[in-house]
Amino acid sequence: SPSPQGSLLYLDALGTAFPRALAHRGTALLHWTPGCPRAPAGWPLPTLYCTPAAAGTLPSRAAALRVQLLFALRQRALHVLEAGLATELQDALVALRTEWPQLAQELALGRLSPQPGLPEGVRAQLQALLTPDAARAAELRAECTRGFEGIVLRLWPQLEVVVVRTAHGAERLYCDSLRQADCQGLPFYCPFYQAAGALLGINLWPMEPAPQFLLCPDWAFCEFLPSLANKEPRMVLLDELWEGREYGLVVTAQPGEYRCRTGEVLKVTGFHKQCPMVEPVHRESQTLSVRGESIPEDQFCHSLCRTLRMWPGAHLVDYVCVESSLLG
């Protein structure tokens, strides 16, 4: 989990960029954390979230996201929609598309329906927090009947930003898909960079479309392996990095813990008060066997997206890569 310093930096950056983002009960959370009611920000922060902590700890991921969605729908004056992963936000919006008539009925009656993965004791606990809201239910029915393009801003007109814990690697595809459809008109903010179980950097620029992370020197001990080096490259430290170059990341997270080559490849995009800013490029272990040779997944995804741009009307939702044994 993020350190208190990391959480405070995140909240300060969020509040500076979006002044209403820290409003009382102005954030809805979509994040499954079974047995651990902790938000991606690092703290439960009950005054910030309109989502009950118990909703995220259910044994079923689908049930947890659905219950969190219901409580988010109750709060029309949302300013922040927060998810641990973009896939969690996407799955919650898929549930909205398929179950909106039942969700509207639950809002109107103020009654949480029994469902698989929702223990009766927890359902009764959450039920006590609900009150009938026929007006909000009618608004939900009206907006969903119109379709789901840009549905997020139509349901929450005061929403300012979508916060996701991870927006690189495979999660970037889901973020792009959400930006183009359900979350049209909203910026995505990825606040933290974590690797090997340690918090390494913070994104202080919520308005920038591509996340870049400031590496904080005292959060973990980091070493860097130049990507285009000789057969026996020399490790370099934070003050030896060059802008524009790529490096493999080696981390010693805490004093006494072993040194770990994470497999993460970072690109230095600039410096902020002498500290390097980086963006994750890819993981060394993420390769795909397409035609008998290993291709980095980010290169494959880039080629796939470039190819789809030549196909009018095509929209990439997801993909899977499997080598065919039928082709010669």
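In what follows, the structure referred to is the one given above.
Residues numbered from 1 in each chain as written. Predicted model: local features only at pLDDT ≥ 70, side-chain atom pairs only at ≥ 80, totals over all residues. Heavy atoms only, no water.

Colleague: Explain the overall build of the protein chain to me, using residue names and the numbers behind them.
Modeller: When its secondary structure is counted, the protein chain shows eight helices and 13 strands. Burial status across the protein chain gives 47% buried among its 328 residues. Within the protein chain, contacts between residues separated by at least 24 positions form 61% of all contacts whose residues are at least 6 apart in sequence. When the accessible surface of the protein chain is split by element, carbon and sulfur atoms take 56% of a total near 16400 Å². (Helix = DSSP H or I, 4+ residues; strand = E, 2+ residues; numbered from the N terminus. Buried < 20%, exposed > 50% of the residue type's maximum accessible area, 1.4 Å probe, protein only. Contact = heavy atoms within 4.5 Å. Areas by Shrake-Rupley, 256 points an atom, 1.4 Å probe, with all protein chains shown as cover.)

Colleague: Which residues make up the packing of helix H3 (residues 86-109) against helix H5 (residues 134-145), and what values go with them?
Modeller: For the pair H3 and H5, the least separation of the axes is 8 Å and the interaxial angle reads 160 degrees. Classified by the angle their axes make, H3 and H5 are roughly antiparallel. At the point where H3 passes H5, the crossing takes the left-handed sense. Counted together, Leu96, Trp100, Leu103, Ala104, Gln105, Leu107 and Ala108 of H3 and Ala134, Arg136, Ala137, Leu140, Arg141, Cys144 and Thr145 of H5 form the full contact between these two elements. Classifying every residue of the contact of H3 with H5 by side-chain character gives ten nonpolar, two polar and two charged. (Axes fitted to C-alpha atoms, helices over the stretch in contact; angles between N-to-C directions. Parallel < 35°, antiparallel > 145°, perpendicular 65-115°, else oblique. Left-handed = near helix turned anticlockwise from the far one by under 90°. Nonpolar A, V, L, I, M, F, W, Y, C, P; charged D, E, K, R; others polar.)

Colleague: Requested: an account of the packing of helix H2 (residues 61-74) against H3, with residues and values cited.
Modeller: Each pair of packed helices gets described by two things: the angle between the helix axes and the distance between those axes. As a packed pair, H2 and H3 sit with axes 8 Å apart at the nearest point and diverge in direction by 65 degrees. In terms of crossing hand, the pair formed by H2 and H3 is right-handed. Within the contact between the two elements, H2 uses Arg61, Leu65, Arg66, Leu69, Leu70, Leu73 and Arg74 and H3 uses Thr87, Glu88, Asp91, Ala92, Ala95, Leu96, Glu99, Gln102, Leu103, Glu106 and Leu107. For the contact of H2 with H3, the per-class residue count stands at nine nonpolar, two polar and seven charged.

Colleague: Help me get a handle on the environment of Lys267, residues and values and all.
Modeller: Within the secondary structure, Lys267 is located in strand E10 (residues 260-272). Excluding residues within four positions of it along the chain, Lys267 makes contact with Gly244, Arg245, Glu246, Met277, Val278, Glu279 and Val281.

Colleague: Summarise the packing of aromatic side chains; cite the residues concerned and give the values.
Modeller: Summed over the entire model, instances satisfying the criterion amount to five aromatic pairs. These aromatic residues form a ring-pair network of at least three members: Tyr10, Tyr189 and Phe192. (Phe/Tyr/Trp six-rings, centres within 6.5 Å; stacked < 30°, edge-to-face > 60°.)

Colleague: Explain the pattern of salt bridges residue by residue, including any values.
Modeller: Going through the model one piece at a time under the given rule, you end up with twelve salt bridges. Across the pair Arg76 and Glu139 runs a salt bridge whose closest N-O atoms are separated by 2.8 Å. Of the two residues, Arg76 sits in the loop between H2 and strand E2 (80-85) while Glu139 sits in helix H5, which places them 63 residues apart along the sequence. One connected set of salt bridges, linked through shared partners, spans Arg66, Glu99 and Glu106. (Salt bridge = Lys/Arg side-chain N within 4 Å of Asp/Glu carboxyl O.)

Colleague: Any chance you could break down the nonpolar core for me, citing the residues and the numbers?
Modeller: In this structure, Leu89, Leu96, Trp156 and Leu200 are the most contacted members of the largest nonpolar core, which totals 68 residues. Ranked by residues supplied to this core, first place goes to H3 with ten residues. Summarising the domain contributions, this core has at least three residues from each of domain 1 (4-190) and domain 2 (193-283). The residues touching Leu96, leaving out its near neighbours within four places in the chain, are Leu69, Leu73, Leu103, Leu140, Cys144, Phe148, Ile151 and Leu155. By size, the runner-up hydrophobic cluster in this structure holds 21 residues, among which are Leu14, Ala21, Val163 and Cys216. (Core = buried A, V, L, I, M, F, W, Y, C linked by side-chain atoms within 4.5 Å. Domains from an automatic or database assignment.)

Colleague: Give a detailed account of unusual backbone geometry, specifying residues and quantitative values.
Modeller: Glycine aside, residues mostly have negative phi angles, and peptide bonds mostly take the trans form. The backbone phi angle of Arg25 is positive, close to 60 degrees, even though this residue is not glycine. Within the element layout of this structure, Arg25 appears in the loop between helix H1 (4-17) and strand E1 (27-30). Overall, the relative accessible area of 36% leaves Arg25 in the partly exposed class. Positive phi values are uncommon outside glycine, yet Lys273 reaches one of about 50 degrees. Within the element layout of this structure, Lys273 appears in the loop between E10 and strand E11 (275-283). Exposure remark for Lys273: the relative accessible area of 73% places this residue in the exposed category.

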